[in-house]
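Spelled out, the chains give:
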Amino acid sequence: MDLSLFQKPQINLSRSTALRMRLVSVCALLVIFESSLSDSGHSLIIALAAVLGMVGTELLFNFGERRFSIKDSSAIASALILTLFLPNTLNPLYAFLGGIFAMAVLKHSFGGLGSNWVNPAAGAWLFIRSAWPVAFNRSIEDNHLMRLSASLEGGLRDSMGSPLALLMINGWSNTLLDSKLSAFFNQTIFRFMGSSLPSGYLTLFSSNRSGIIADRGLFFLLLGTILIASSQCFRFWLPAVFIFVYSILIRIFGALPFGGSFWEGDIIFALFSGGTLAAAFILVTDPATSPKSMPGNTIFISLCAVFTFLFRYPGLDPYGTVTAVLLGNALVPLIRRLENAWYYEKRKQL
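Residues numbered from 1 in each chain as written. Predicted model: local features only at pLDDT ≥ 70, side-chain atom pairs only at ≥ 80, totals over all residues. Heavy atoms only, no water.

Turning next to the packing of aromatic side chains. For the structure shown, the criterion picks out 12 aromatic pairs. Geometrically, the ring pair formed by Phe309 and Tyr313 is stacked, given 5.6 Å between the ring centres and 15° between the ring planes. Joined through ring pairs, the aromatic side chains of Phe253, Phe258, Phe262, Phe309 and Tyr313 make up one cluster. (Phe/Tyr/Trp six-rings, centres within 6.5 Å; stacked < 30°, edge-to-face > 60°.)

What follows deals with a nonpolar patch on the surface. A cluster of nonpolar side chains, contributed by Leu29, Phe33, Leu37 and Leu44, occupies part of the molecular surface with about 370 Å² of accessible area. As for its position among the elements, Leu44 is in helix α2 (residues 42–65). (Patch = residues over 30% accessible without salt bridge, like charges linked within 9 Å, V, L, I, M, F, W, Y side chains within 5 Å. Areas by Shrake-Rupley, 256 points an atom, 1.4 Å probe, with all protein chains shown as cover. Salt bridge = Lys/Arg side-chain N within 4 Å of Asp/Glu carboxyl O. Helix = DSSP H or I, 4+ residues; strand = E, 2+ residues; numbered from the N terminus.)

Throughout the structure, instances matching the rule amount to 3 salt bridges. Residues Asp39 and Arg216 are paired through a salt bridge, measuring 3.7 Å at the closest nitrogen-oxygen approach. Here Arg216 lies in helix α12 (residues 213–216) and Asp39 lies in the loop between α1 (17–36) and α2, a separation of 177 residues in the sequence. An identical accessibility class is assigned to Asp39 and Arg216; each is buried. (Buried < 20%, exposed > 50% of the residue type's maximum accessible area, 1.4 Å probe, protein only.)

Moving on, we come to unusual backbone geometry. The residue Ser40 is not glycine, and still its phi comes out positive at about 60°. Structurally, the position occupied by Ser40 is in the loop between α1 and α2.

Note that Ile301 resides in helix α17 (residues 294–312). The sequence separation of Ile301 and Thr285 amounts to 16 residues, and the corresponding C-alpha distance is 8.7 Å. Residues contacting Ile301, with those up to four places away along its chain left out, are Leu238, Val241, Phe242 and Val284. (Contact = heavy atoms within 4.5 Å.)

Shape descriptors only; they carry no functional weight alone.
This is the structure:
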């Protein structure tokens, strides 16, 4: 039996696993805090429930196995990552149960940290969404992504293929602050670039509406991604490949589902909604659920980007980004088999 497919990933990084987990935790916690500012702290309560579920289950397994793996901070990091992709109005009990599932089924049943085939946070998200679909969808029914899907299913289209314009047609109104700030940026920064920022983005990405917690904390998410990337906790080109492939697909085909033409896709909307940046910098860079080589990682991340586009745009799934990463994780064993045949076996013959 070829055991090479089941080995833990041999990826050498300049930072320890524990440090990576702590930096990711800090980034996620800041995003959750920003989201909690406009929902009376409910985002923090969801995060606390997820942490209790994962850390409590981790401690139980540590006690049974007579070891203390909790100090690597992976349970806390996974709980906070899970929280990023949950709706901010979700019942915290679901986050708690999802945390238990992540540690008991997705992590320790496969041998612990580094042996799991799927990212525990993404797997827990799928468990919650599949087990309680009605409660899950109800918690984001007023979100702009759900409204956009409903508009398209109802037959609404925009000649320019703009998601923002389609939302405006369906009754999504701008705030006064959005109009003033958009005008300010257009008169200063964008004027020198020969372009303009349409009004609506600042309203769309402000944290005063229900929705995905990662989308409600974009300011700290951007700061956090810079912190993680500069700390050399992963190869900087990994999220760059995802963003590049995804942006190209959006630019070429992104306007078609909304009634537009080729090369009219809205890249800003695509990147800053649906938890896309959080997935690009956190989920797809997880070394435990990725291939081992640079070509293998390039294939994996490119597939995740393609799947993200297909699920979010033709498929109209607001959570298509997480679904895409889960599908990519499922294909990693096949990519590792190709790595073994193309790279490692050839090296043995030299």
